[in-house]
Structure formats: C-alpha cells, structure tokens
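As a plain string of letters, each chain reads:
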Amino acid sequence: FPSHDMRNEIEAMKKSEFTAGDINEQIGYLCCLGKNIEWNTGKLVNTKTKQALKYNDLMKMFKCSNKKLNRLIGQMKSNGIIIRANDGYFVSRDFIKKGAK
C-alpha cells in the first residue's frame, strides 16, 4: 500500500492546476514499476540483473509506443514523479520512503 507521504503527494498533484497530463494514468504506471524500484535509492532496475532500466525496457514493460512513452515520461518528469539521471531513471523520494519518517 502507498505510504501516507505518497498519498499526500498524489492528492496534492490531483488538486494542483499545474499538474501535467493525466495524473491517475501516471500513478497507475508508477504502481506497475513497484517491483523495479531499488528502495534505498529510488532507481528503476531490472529485477533479475539489478541493472538500470533503459528506455526500451520501459517500453516493453508498458507495452506502448515511443510516442506514448515519451509523453508519459515527460509528464512524470514535469510532475516530479521520476527523474532521469546519467545512470538511469529514479522515482522521486516524495513517493518512496522505505522506513523513512
């Protein structure tokens, strides 16, 4: 189940006039990534190899086109849900806090 902090973040985004795109769709995709989140860092990783998920990995997981994935990633980045760094994609600490207060 989502943490209290995550629920608060989601509710704030739902109420914000500045939220990019369909936030419910984005949260659904985020939930699908749950098992791929490295909880101590937020990094999205392959569950077997522990290597960072790449764009093509996300496209296969979500079973969507480049156009849709580009839109989703752009909106999720704009909303602060995910961050793209040199070493991969990361879920914001606002959404995952294992054991954190």
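Residues numbered from 1 in each chain as written. Predicted model: local features only at pLDDT ≥ 70, side-chain atom pairs only at ≥ 80, totals over all residues. Heavy atoms only, no water.

Engineer: Looking at this model, I keep getting lost on the side chain of asparagine 36. Mind explaining?
Structural biologist: Secondary-structure assignment places asparagine 36 in the loop between helix H2 (23-32) and helix H3 (55-62). The contact partners of asparagine 36, leaving out residues within four places of it in the chain, are Lys43, Leu44, Val45, Asn46, Thr47, Leu53 and Met61. (Helix = DSSP H or I, 4+ residues; strand = E, 2+ residues; numbered from the N terminus. Contact = heavy atoms within 4.5 Å.)

Engineer: Help me understand the environment of leucine 44 in this model?
Structural biologist: Take leucine 44: it is sitting in the loop between H2 and H3. You can call leucine 44 buried: its relative accessible area is 1%. It is 5.7 Å that separates the C-alpha atoms of leucine 44 and phenylalanine 90, two residues lying 46 residues apart in sequence. Leucine 44 has contacts with Leu33, Asn36, Ile37, Gln51, Ala52, Leu53, Tyr89 and Val91, leaving out every residue within four places of it along the chain. (Buried < 20%, exposed > 50% of the residue type's maximum accessible area, 1.4 Å probe, protein only.)

Engineer: How should I be thinking about the packing of H2 against helix H4 (residues 66-78) in this particular structure?
Structural biologist: Packed helix pairs are characterised by how far apart their axes lie and by the angle those axes make with each other. Packing of H2 against H4 brings their axes to within 10 Å, and their N-to-C directions diverge by 100°. Between H2 and H4, the angle falls in the class roughly perpendicular. Judged by residue contacts, Glu25, Gln26, Tyr29 and Leu30 of H2 engage Lys68, Arg71, Leu72, Gln75 and Met76 from H4. Broken down by class, the residue content of the contact of H2 with H4 amounts to four nonpolar, two polar and three charged. (Axes fitted to C-alpha atoms, helices over the stretch in contact; angles between N-to-C directions. Parallel < 35°, antiparallel > 145°, perpendicular 65-115°, else oblique. Nonpolar A, V, L, I, M, F, W, Y, C, P; charged D, E, K, R; others polar.)

Engineer: Just checking my understanding: could you explain unusual backbone geometry for this structure?
Structural biologist: It is generally the case that most residues other than glycine have a negative phi and that most peptide bonds are trans. Backbone geometry places lysine 50, a non-glycine residue, at a positive phi of 65°. Secondary-structure assignment places lysine 50 in the loop between H2 and H3. Of note, lysine 63 is a non-glycine position whose phi angle comes to about 50°, a positive value. Among the structural elements, lysine 63 can be located in the loop between H3 and H4.

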